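Structural overview for review
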Amino acid sequence: MKRRLLIICFLISLLSLGGCSWGNKTLDSNQYYIYGVDSDYTGLSKRVYDFDLQTSNPSIIMTYLMEQLQVSPPKSSDIPAISDNVKSVTFQIQDQGVTLYFDASYNDLKGIKEVLRRAAIVKTLTQISGIDRVEFYVDNQPLMDQSTKEAIGFMTGDDFIDNEDGSNEMKTTTVLMYFADSTGKKLVEVPTKITYDAT
């Protein structure tokens, strides 16, 4: 009986959250979010960029977005995703992925500063139709994970958990929960959808 009551309460709370609107703005087809880093390096920020050209060519759109990733937002202390220290960035698009080639100065970024800037770049570029993933090369070598010493490889926007602009973005996933069976001697696996704060 207690189990049923617990499940009912849990489901009611999920349903009440499901109807909430979290303020996510829908962009027009010619608009993109340009992600940056907030000034205290605790998360991402974003601003809307109006793309004026009438094209769906990913290379052209990529060129303009890459320029915007290097610009400090007006009237803001947010930090652009591509550092002033990085002197050269080129790209190659292939099979719905883009490889970015940075000069050796990208290696000057360390820790959270590097991860947040990388997240901002990936989240910006994967908005382009036909671009699903982004890979980084630095000084013609794949970007390496400093803790595992392995190449990071292709990344998607979903590879980064963030809470840009302090919004209360909610995510839903399915987890396995285990409950006692009617005898109380065995566990029963129950797939359960949960909604959680993605911050």
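Bear in mind the structure is a predicted one, so any value in this text is a computation, not a measurement. (Residues numbered from 1 in each chain as written. Predicted model: local features only at pLDDT ≥ 70, side-chain atom pairs only at ≥ 80, totals over all residues. Heavy atoms only, no water.)

1. Digging into the confidence of the model for the chain
Confidence in the prediction of the chain, expressed as mean pLDDT, is 82, and 81% of residues score 70 or more. Model confidence for the chain, summarised as mean pLDDT per element, is weakest for helix α1 (residues 2-18) at 42 and strongest for strand β6 (residues 133-138) at 97. A low-confidence stretch, residues 1-24 stays under pLDDT 50, and its non-local contacts, those more than four residues away or across chains, total 11 contacts. (pLDDT = per-residue confidence, 0-100. Helix = DSSP H or I, 4+ residues; strand = E, 2+ residues; numbered from the N terminus. Contact = heavy atoms within 4.5 Å.)

2. Observations concerning the sheet that holds β6
Strand pairing in a sheet takes place through backbone hydrogen bonds and is either antiparallel or parallel in direction. Within the open sheet, the four strands sit side by side as β4-β5-β6-β7. Their pairing is mixed. This sheet does not close on itself; its edge strands, each paired only once, are β4 (89-94) and β7 (141-142). Note that β6 and β7 share two bridges and pair antiparallel. Within β7, the residue paired with Tyr 137 across the bridge is Pro 142. Across the face of the sheet, helix α2 (residues 58-68) comes into contact with β4 and β5 (97-102) while running at roughly 150 degrees to β4. The strands touched by helix α3 (residues 111-125) within the sheet are β5 and β6, with β6 carrying the most contacts at an inclination of about 140 degrees. (Pairing = 2+ DSSP bridges. Axes fitted to C-alpha atoms, helices over the stretch in contact; angles between N-to-C directions.)

3. Quick notes on the pattern of salt bridges
Inspection of every chain in the model, using the stated rule, returns one salt bridge. Across the pair Arg 118 and Glu 114 runs a salt bridge, and its minimum N-O distance is 2.7 Å. On the criterion of helical spacing, the pair formed by Arg 118 and Glu 114 is a turn pair, its members being four residues apart in helix α3. Each member of the pair, Arg 118 together with Glu 114, is buried. (Salt bridge = Lys/Arg side-chain N within 4 Å of Asp/Glu carboxyl O. Buried < 20%, exposed > 50% of the residue type's maximum accessible area, 1.4 Å probe, protein only.)

4. Examining the sheet that holds strand β3 (residues 79-80)
Taken in spatial order, the three strands make up an open sheet running β2-β1-β3, and their pairing is antiparallel. Whereas interior strands pair on both sides, the edge strands pair on one side only; in this sheet they are β2 (44-50) and β3. The sheet contact formed by strand β1 (residues 31-37) and β2 spans seven bridges and is antiparallel. Bridge pairing in β2 links Tyr 32 to Tyr 49. With respect to the sheet, α3 is in contact with β1, β2 and β3, its orientation differing from that of β1 by roughly 175 degrees.

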